[in-house]
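Listed here are the chains, written in short residue letters.
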Amino acid sequence: MAKSTLLKSSIAKKVAMALSGIFLILFLALHFFVNLVSVFSADSYNVMSHFMGYNPLIQFVMQPILVAGVVFHFVMGFVLEIKNRSARPIAYVKYDGAANASWASRNMIYSGLVVLAFLVLHFYDFWFAEMMYKYVNVNAIEETRYFPEMVHKFESPVRTGFYCVAFILLSIHLWHGFTSSLQSIGFDSKIGKSLHKICHAFAIIVPFGFIFIALFHHFNN
């Protein structure tokens, strides 16, 4: 009975981890779309950013849910990593990880730590600055400020370089994490290889799309 309860608890944690990951992936896709617009039209980017920055549903419902989702996903990731390590208290005499799992799956905790560091910087750059602008300094509403503010963030080659490295690690994290999340909630067995291809395409297109956006604004300043 104890083993059964422990197994159910472990499965529940993995499902919760998977659902939070999928939620963050959906947000990432939306964020990518909005940022990609900045490459083609500063005015459209300003309109979309202003809508998201002042819409009450987004600001007071979706935004707190997003922050909670980020915290939950990474805390649960560390919990599961510790649990997995404690389940094998005695190290293998010889462990050939590459024979059983990909590099991405064996190093999710490390790529996740870099992604977490990036998110902290990203929140500081954009979310924290936005909160200061609107609620602390209480500046007047300026609907055309978003594009210049974003471009300014990519003036520094060091900051731009860190963003690029972080998105490469995000790509690696998504390469395994996206398919793993869908497996945890039972979709993988129903759709199979086609779903894997879609997940892997997303893991390449979106992070490297962000890299393109960062480099585009850096070199066009």
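See the structure shown above.
Residues numbered from 1 in each chain as written. Predicted model: local features only at pLDDT ≥ 70, side-chain atom pairs only at ≥ 80, totals over all residues. Heavy atoms only, no water.

With that out of the way, let us pick up the overall build of the chain. The number of helices and strands found in the chain is 10 helices and zero strands. Going from N to C terminus, the chain has its helices and strands arranged as α-α-α-α-α-α-α-α-α-α. Taking all contacts inside the chain whose residues are at least 6 apart in sequence as the whole, residues at least 24 apart take part in 80%. (Helix = DSSP H or I, 4+ residues; strand = E, 2+ residues; numbered from the N terminus. Contact = heavy atoms within 4.5 Å.)

Let's shift gears to the pattern of salt bridges. Taken as a whole and judged by the stated rule, the model has three salt bridges. Close ionic contact of K134 with E130 constitutes a salt bridge, the shortest N to O distance being 3.7 Å. Here the residue K134 and the residue E130 both occupy positions in helix 6 (residues 108-136), the gap between them amounting to four residues, near one helical turn. Across the pair, exposure class does not vary: K134 and E130 are buried alike. In this structure, a network of salt bridges that share partners links the residues E130, K134, R145 and E149. (Salt bridge = Lys/Arg side-chain N within 4 Å of Asp/Glu carboxyl O. Buried < 20%, exposed > 50% of the residue type's maximum accessible area, 1.4 Å probe, protein only.)

Turning our eyes to something else, we now look at the nonpolar core. Judged by nonpolar contacts, the single largest core of 35 residues is most densely connected at L28, F167, L174 and F202. Where this core is concerned, the elements lending two or more residues are helix 1 (2-40), helix 3 (56-86), helix 6, helix 7 (146-153), helix 8 (157-184) and helix 10 (193-219). At nine residues, the largest contribution of residues to this core is made by helix 10. Sequence-distant contacts of L174, defined by excluding residues within four places in its chain, comprise I25, L28, F202, A203 and P207. (Core = buried A, V, L, I, M, F, W, Y, C linked by side-chain atoms within 4.5 Å.)

Time to look at the packing of helix 8 against helix 10. Between helix 8 and helix 10, the shortest axis-to-axis distance is 9 Å and the interhelical angle comes to 170°. Comparing their axes, helix 10 and helix 8 come out roughly antiparallel. Residues of the contact of helix 8 with helix 10, tallied by class, amount to 20 nonpolar, seven polar and no charged. (Axes fitted to C-alpha atoms, helices over the stretch in contact; angles between N-to-C directions. Parallel < 35°, antiparallel > 145°, perpendicular 65-115°, else oblique. Nonpolar A, V, L, I, M, F, W, Y, C, P; charged D, E, K, R; others polar.)

Just geometry here; none of it tells us what the structure is for.
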